[in-house]
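Okay, here's what each chain looks like letter by letter:
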Amino acid sequence: MRKNIILFIVILGAPFLFQDCQKKKGENVVPDNLKIGVSDAISFPDLDKKKSLELIPDTLSGRELYQTLRTLVYISDFSSDMIQGAIEFVHNQDITGPVSFSYTSPDDGQVKYLEVKQDFIYDKQQWQFGLTINDETEGKGLLVVWNLYPLKVIAILHPMAYNTKSVSERKALIKVEYNEDSQNFDRTMIVSASGLDSLNADYISRLKVFFGQKGDIVYLYGNYNMPFSYIFDPSEVRGRSWSFKAKNNVKLDIAVARVAMPHINLGDISTLWTDYALDKVMVEEMTNVYPLLDTATINAYVQNAIGKAYFVGKQGFVSNDTNIPAVEGFTNEFLDLSNMNPWPPAEIENMTIDF
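Notes on the structure in this doc start here. Bear in mind that the values here come from a model prediction, so they are computed numbers and not experimental data.

## Considering empty space enclosed by the protein
Applying the stated criterion to the full structure yields two cavities of 30 Å³ or more. In terms of lining, the second largest cavity is formed by Val30, Pro31, Ile87, Val90, Leu131, Leu142, Val144 and Trp146. Counting residues per element, the ones that place at least two in the lining of the second largest cavity are helix H1 (62-91) and strand E6 (139-147). Among the elements that take part in the lining of the second largest cavity, E6 stands out by supplying three residues, more than any other. Residues belonging to the lining of the second largest cavity are distributed by class as follows: eight nonpolar, no polar and no charged.

## Topic: helix H4 (residues 278-289)
Taking 1.5 Å per residue as the helical rise, H4 with its twelve residues ought to reach 16 Å, and the 17 Å between its terminal C-alpha atoms agrees with that figure. Taken together, the buried positions of H4 are occupied by Leu278, Val281, Met282, Glu285 and Met286. Within H4, the buried residues cover an arc of 125 degrees as seen down the axis, which keeps them to one side. If you follow the buried residues of H4, they end up packed against H1, strand E12 (240-249), strand E13 (254-260), helix H3 (272-275) and helix H5 (295-302).

## Focus on the pairing of strand E15 (residues 316-320)
Burial within E15 is extensive, with four of its five residues counted as buried. Where strand E14 (residues 309-312) meets E15, four bridges bridge the pair, whose relative direction is antiparallel. Looking at the pairing, valine 312 lines up with glycine 316 of E15. Between E14 and E15, which pair antiparallel one after the other, the connecting turn spans three residues, and glycine 313 there sits at a positive phi close to 50 degrees.

Reading the values: the criteria
- Residues numbered from 1 in each chain as written.
- Predicted model: local features only at pLDDT ≥ 70, side-chain atom pairs only at ≥ 80, totals over all residues.
- Heavy atoms only, no water.
- 1 Å grid on protein atoms, 1.4 Å probe; cavity = no way out; pocket = protein on both sides within 12 Å on 5 of 7 lines; lining within 4 Å.
- Points joined across faces, edges and corners; volume = space filled by probe spheres on them.
- Helix = DSSP H or I, 4+ residues; strand = E, 2+ residues; numbered from the N terminus.
- Nonpolar A, V, L, I, M, F, W, Y, C, P; charged D, E, K, R; others polar.
- Expected span 1.5 Å × (residues − 1).
- Buried < 20%, exposed > 50% of the residue type's maximum accessible area, 1.4 Å probe, protein only.
- Arc of directions from axis to C-beta.
- Contact = heavy atoms within 4.5 Å.
- Pairing = 2+ DSSP bridges.

Set out below in structure tokens:
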């Protein structure tokens with residue numbers, strides 16, 4: 001059995017360089033960070049070397065599916081990196097208050113307009129500062145609004161206007177919501193994307209992933225909606241949402257995760273981890289496509305998809321269910337995922353991102 005899973009996201013080059021910027025004296029008002037990083041154990045680009053993100057496992061089993069989760073998390077991680085890169089470069093201009101100027105982007109040769117305003121209104125809320133970067137023909141490429149104390153940031157990237165030479169995902173919008181004023185975490189980050197598209201059967205149309213850091217531990221949960229995705233059964237036309245929850249000890253480079261694969265129109269997650277658990281969905285689809293398969297063969301494919309999965313470093317998936325690795329950090333507290341859940345897939349399917 002072979003299953004090609006094609007995952008697309010915008011691949012941008014290095015953050016564009018601003019030209020004709022004057023350094024200013026005083027306190028820099030632009031935040032320098034809205035990124036929560038995770039380690040290889042849960043985020044790893046198990047991809048081909050092409051511009052698209054492509055996974056081609058020889059045999060689709062629970063192990064391969066859990067390795068795929070690492071690539072999905074990498075896509076959200078990479079999406080936040082793109083916005084973080086732009087934020088860092090703007091921060092390096094030492095902007096101390098309201099300012100506006102134009103520059104020619106070396107990425108596409110287009111004139112861009114940068115403006116920072118105080119008391120900026122976004123989504124009916126007043127923010128201490130707001131920054132926009134507009135392309136002379138394509139309009140808004142980047143919007144950033146923020147409050148400094150405590151730091152809270154929303155940033156939205158429109159890749160087509162950011163770089164008009166981009167040839168894929170031209171309607172995509174990527175959003176990062178960063179907050180250092182959480183009662184339960186040191187800081188949080190939510191990465192969302194909409195407008196993703198492709199001619200391939202398997203692609204992510206929308207994604208939304210939460211990252212919450214507490215010390216060395218990052219808590220993650222979220223959804224990757226694939227409107228035409230299936231595991232084994234091509235007659236399954238309702239699409240699947242990769243819905244997951246996980247923890248990552250960044251210092252020890254270990255992780256634990258669970259995956260469910262509901263249909264993208266599921267609006268109630270009360271039965272998410274029973275009716276749509278990864279192993280159950282695999283059995284259902286295999287039985288539909290291969291009704292003559294014996295139980296032993298089915299179990300061989302499904303055995304690594306049962307229960308929680310455990311990941312270590314670049315190796316990624318090492319075991320699952322009751323086979324907890326004899327590695328430092330896999331404590332009962334770390335393995336407890338009980339208080340986390342992704343969003344209902346239908347909510348993600350109806351999600352919009354607007355400037």
